[in-house]
Amino acid sequence: LVSPHLPLLSHYWLAALRDNAYLSLPAQFNTQLPSSGGTFYTPSMIGFVKSYYESNWSSLLHAAAIWVNRTKLSETYKPEESVAVPAFAAMVPLTPSIAPPTD
């Protein structure tokens, strides 16, 4: 079911893990965060996204690790033209306890 989409999904999994790494930095490194946000967050969504990643980073890492193990990094996502990154809430399933900001 997802096999045809694995190159694109793996690109998003790795981008989400990179976002998580940035957001996991200690507060003294906040000045090093990208000013426009990350792949799946804007500065106004940092609190929401951090709580989501805290709950789900292991699933993202597991999926990426399986993909890397199976492909030995031989498959990469190379879009023919730039692809708009979907909004964070559209990319990941939300649980009732985690909801995006309403403002």
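Scroll up to find the structure.
Worth saying up front: this structure is predicted, and the values here are computed from it rather than measured.

How each quantity is defined
Residues numbered from 1 in each chain as written. Predicted model: local features only at pLDDT ≥ 70, side-chain atom pairs only at ≥ 80, totals over all residues. Heavy atoms only, no water. Helix = DSSP H or I, 4+ residues; strand = E, 2+ residues; numbered from the N terminus. Buried < 20%, exposed > 50% of the residue type's maximum accessible area, 1.4 Å probe, protein only. Contact = heavy atoms within 4.5 Å. Areas by Shrake-Rupley, 256 points an atom, 1.4 Å probe, with all protein chains shown as cover. Expected span 1.5 Å × (residues − 1). Bend = angle between axes of the 7 residues up to and from the residue.

Asker: Quick one: what's the story with the overall build of the protein, residue by residue and with numbers?
Answerer: Broken down by element type, the protein carries three helices and zero strands. Reading the protein from its N terminus to its C terminus gives the helix and strand order α-α-α. Within the protein, buried positions represent 25% of all 103 residues. In the protein, the proportion of contacts linking residues at least 24 apart, taken out of those at least 6 apart, comes to 66%. Only carbon and sulfur atoms are counted for the fraction: they give 59% of the accessible area of the protein, which is about 7000 Å².

Asker: Could you give me a rundown of helix 2 (residues 46-71), with the residues and numbers involved?
Answerer: End to end, helix 2 covers just 32 Å across 26 residues, shorter than the expected 38 Å (1.5 Å per residue, more than 12% under). For helix 2, the principal kink sits at Asn-56 and spans about 60 degrees. Those residues of helix 2 not exposed but buried are Phe-48, Val-49, Tyr-52, Tyr-53, Asn-56, Leu-60, Ala-64, Trp-67 and Thr-71. After helix 2 finishes, the residue Lys-72 shows a positive phi value of roughly 55 degrees.

Taken by themselves, the reported measurements are silent on function.
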